[in-house]
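Residue strings, one per chain:
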Amino acid sequence: MAFLLGAVAFVVALLVSVMLHEAGHLVTAKRFGMKATQYFVGFGPTLWSCRRGETEYGVKAIPLGGFVKIVGYTPLEEIPPADRERAFYRQPAGRRAIVIAAGVVVNLAFAFLLLMVMAMAIGVRVPGTATTTVRDVSPCVPASLQAECRPGDPPSPAAAAGLRAGDRVVSLGGTPVADWSQLREAIGGARPGQTVPVVVERSQNGPGGPAAQRVTLRVRLASAGGHPFLGMTARVVGAGYERAGPIGAAVFAGQAMGRTLGAMGEALGGLPAAIPHLFSPDRGSTPGGQVGSVVGATDVSGQIFASQNTWQDKLVLYLSLIVSVNIFLGALNVLPLLPLDGGHLAIVVYGRARALAARARGRPDPGTVDITRLLPVTYVVVAVLIALGLLLIAADLINPLRLPQ
């Protein structure tokens, strides 16, 4: 039930994000006197609609986006004579640019506000300190450090040696370890296949029992993704949330958006190289392999709600997912490719620059840009986006990504 609730919550938030994007176009177009005839959520057959003034508002059957129909958005449309003066393409370049960019601005502003609310209402997460005490023992050696256990995977070295949750690692391979960083260095300095002694402090009767006893385990390290692998996660102490004031929240929001944009750029840049691995166990081992579709994001939202995390962690992860969706919508639409908003904006900028250049030379205004010349490129872009979307949907259904435990 929690998983289903999370999936539904994501779909609702996605539709709200799309509605906000399209509302940015609608409100600015109406503000400048342009005629908008439709504002719909979804595509396909109409489930419900109503008319307010000259605009029809409604919901369609396929909840995979939305649209606003502005009369004369391209010069290729047939426009009734009565609406010609209000057509989009006949408006000043500055107004057209604002209408086109408004959707992106709304998504980015919404993401910024969500991050500020998170920082002020829930708090900024204090990561805490990872200790050498075992929180969990991995049951297997996965194909990569990010992959899940699958049937047939060999048991992890920690599980095979009898390491338990609650054990505190004192030394590994004869090297004393006082914190998690030292333990990671000791593991990294060993060789996969090497058998090393691991000394742990173990309480025989749990908290409140007699003093912990030292136990020496013989562990044969394995390899996961080419790295030495023990198979334990550390217990973290001191983690929590600290609420920020308005200024601190604004700084946090700006920094978080910058990090998110950087991570998205890295992931999309690595996507072509990751395509051959989308259906393999090591899919999530690279940033490009972690790119998913709407189906994958819905699944991740369900995982967040069904996890054993605290309510603060669940809420922060869910809101962070919605923030990422809005930043992605904004960043994607900035690309100067038709049919994206950035493509239409590039045409407006090019047309204005061409008109200014003609005026400087004493020549007449060359008029509206002929976008029919760009249609072949547009068809290619649409085909690539559809093909990539279908590929990612298939990967998310067959080989879904899993949140780290």
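Structure report, in brief. (Residues numbered from 1 in each chain as written. Predicted model: local features only at pLDDT ≥ 70, side-chain atom pairs only at ≥ 80, totals over all residues. Heavy atoms only, no water.)

1. Some words on the overall build of the protein
Inference 1: Scanning the protein for helices and strands turns up nine helices and twelve strands.
Inference 2: Expected size for 405 residues packed as a compact globule is a radius of gyration near 22 Å; at 27 Å, the protein overshoots this value by more than 25%.
Inference 3: Viewed in the frame of its principal axes, the protein has a C-alpha envelope of about 90 × 45 × 40 Å.
Inference 4: Classification of the 405 residues of the protein by burial places 39% in the buried group.
Inference 5: Within the protein, contacts between residues at least 6 apart in sequence are counted, and of these 67% link residues at least 24 apart.
Inference 6: Taken together, the 35 basic and 23 acidic charged side chains of the protein have centroids lying 3 Å from each other. (Helix = DSSP H or I, 4+ residues; strand = E, 2+ residues; numbered from the N terminus. Rg over C-alpha atoms; globule rule 2.2 N^0.38 Å. Buried < 20%, exposed > 50% of the residue type's maximum accessible area, 1.4 Å probe, protein only. Contact = heavy atoms within 4.5 Å. Lys, Arg positive; Asp, Glu negative; His and termini not counted. Charge placed at Lys NZ, Arg CZ, Asp CG, Glu CD.)

2. A few points about the nonpolar core
Within soluble globular proteins, side chains that are nonpolar generally end up buried alongside one another.
Inference 1: Membership of the largest hydrophobic core comes to 29 residues, with the highest contact counts inside it found for Phe10, Leu115, Tyr318, Leu319, Ile322, Val323 and Ile327.
Inference 2: For this core, the secondary-structure elements that each account for two or more residues are helix H1 (2–31), helix H2 (93–122), helix H5 (246–274), helix H6 (294–306) and helix H7 (311–334).
Inference 3: Broken down by element, this core gets its largest block of residues, nine residues, from H7.
Inference 4: If we ignore the near neighbours within four places in the chain, the residues touching leucine 115 are Phe252, Ala253, Ala256, Met257 and Val323. (Core = buried A, V, L, I, M, F, W, Y, C linked by side-chain atoms within 4.5 Å.)

3. Examining the packing of H2 against H7
Inference 1: Remark: H2 packs on H7, axes separated minimally by 8 Å, with the N-to-C direction vectors making an angle of 160°. Classified by the angle between their axes, H2 and H7 sit roughly antiparallel to one another. Considering how the two elements wind past one another, H2 and H7 form a crossing that is left-handed. (Axes fitted to C-alpha atoms, helices over the stretch in contact; angles between N-to-C directions. Parallel < 35°, antiparallel > 145°, perpendicular 65-115°, else oblique. Left-handed = near helix turned anticlockwise from the far one by under 90°.)

4. With respect to the environment of glycine 174
Inference 1: Topologically, glycine 174 is positioned in the loop between strand E5 (168–172) and strand E6 (175–176).
Inference 2: Remark: the alpha-carbon pair of glycine 174 and valine 199, spanning 25 residues in sequence, is separated by 8.5 Å.

5. Section: the state of the cysteines
Inference 1: With the rule as written, the count across this model stands at one disulfide.
Inference 2: Linked covalently through their sulfurs, cysteine 140 and cysteine 149 form a disulfide whose S-S length is 1.9 Å. The sign of the S-S torsion, about -100°, decides the handedness of the disulfide formed by cysteine 140 and cysteine 149: left-handed.
Inference 3: You can call cysteine 140 buried: its relative accessible area is 4%. (Disulfide = S-S within 2.5 Å.)

6. Thoughts on the packing of aromatic side chains
Geometrically, a pair of aromatic rings is defined through the distance of the ring centres and the angle of the planes.
Inference 1: Applying the stated criterion to the full structure yields five aromatic pairs.
Inference 2: The interplanar angle of 10° and the centroid separation of 5.6 Å between the aromatic rings of phenylalanine 40 and phenylalanine 67 together place this pair among those described as stacked. Remark: phenylalanine 67 occurs in strand E2 (residues 55–70) and phenylalanine 40 occurs in strand E1 (residues 36–52); sequence separation between them is 27 residues.
Inference 3: In this structure, lysine 60 is placed above the aromatic ring of phenylalanine 40, and the distance from its NZ or CZ to the ring centre is 4.5 Å. (Phe/Tyr/Trp six-rings, centres within 6.5 Å; stacked < 30°, edge-to-face > 60°. Lys NZ or Arg CZ within 6 Å of the ring centre and 35° of its normal.)

7. Considerations on a nonpolar patch on the surface
Inference 1: A cluster of nonpolar residues, Phe279, Val295, Val382, Ile386, Leu390, Ile393, Leu397 and Ile398, forms a patch on the protein surface that exposes about 720 Å² of accessible area.
Inference 2: If you tally residues by element for the nonpolar patch, the top one is helix H9 (residues 375–398), at six residues.
Inference 3: Within the element layout of this structure, phenylalanine 279 appears in the loop between H5 and H6.
Inference 4: A residue is classified by how much of its surface remains accessible, and phenylalanine 279, at 40% relative accessible area, is partly exposed. (Patch = residues over 30% accessible without salt bridge, like charges linked within 9 Å, V, L, I, M, F, W, Y side chains within 5 Å. Areas by Shrake-Rupley, 256 points an atom, 1.4 Å probe, with all protein chains shown as cover. Salt bridge = Lys/Arg side-chain N within 4 Å of Asp/Glu carboxyl O.)

8. With respect to the side chain of histidine 344
Inference 1: Residue position: histidine 344 is located in helix H8 (residues 341–360).
Inference 2: Take histidine 344: its relative accessible area is 15%, and that puts it in the buried class.
Inference 3: Histidine 344 has contacts with Tyr73, Thr74, Ile100, Leu338 and Pro339, leaving out every residue within four places of it along the chain.

9. Re H6
Inference 1: In this model, H6 (13 residues) spans 18 Å end to end at C-alpha, consistent with the 18 Å of a helix rising 1.5 Å per residue.
Inference 2: Buried within H6 we find Gly296, Ala297, Thr298, Asp299, Val300, Ser301, Gly302, Gln303 and Ile304.
Inference 3: On its buried face, H6 sits against H1, H7 and H9.
Inference 4: The backbone nitrogen of valine 295 has a side-chain oxygen 3.2 Å away, supplied by the residue at the start of H6, namely serine 293. (Expected span 1.5 Å × (residues − 1). Polar contact = N/O pair within 3.5 Å; in protein donor to acceptor, adjacent residues only side chain to side chain.)

10. As for the pattern of salt bridges
Inference 1: Taken as a whole and assessed by the stated rule, the structure comprises ten salt bridges.
Inference 2: Put simply, aspartate 167 and arginine 202 hold a salt bridge, and the shortest N to O gap is 2.8 Å. Taken as a pair, aspartate 167 in the loop between helix H3 (157–161) and E5 and arginine 202 in strand E7 (residues 195–202) lie far apart in primary sequence, 35 residues in all. Per residue, the accessibility class of aspartate 167 equals that of arginine 202, and both read buried.
Inference 3: Among the charged side chains, a network of salt bridges with common partners joins Arg168, Glu201 and Arg214.

11. Here's the deal with the environment of valine 68
Inference 1: Position of valine 68 relative to the elements: it lies in strand E2.
Inference 2: For the pair valine 68 and arginine 352, spaced 284 residues apart in sequence, the C-alpha separation works out to 24 Å.
Inference 3: Look past the residues within four positions of valine 68 in its chain and what remains in contact with it is Glu22, Leu26, Ala36, Gln38 and Tyr39.

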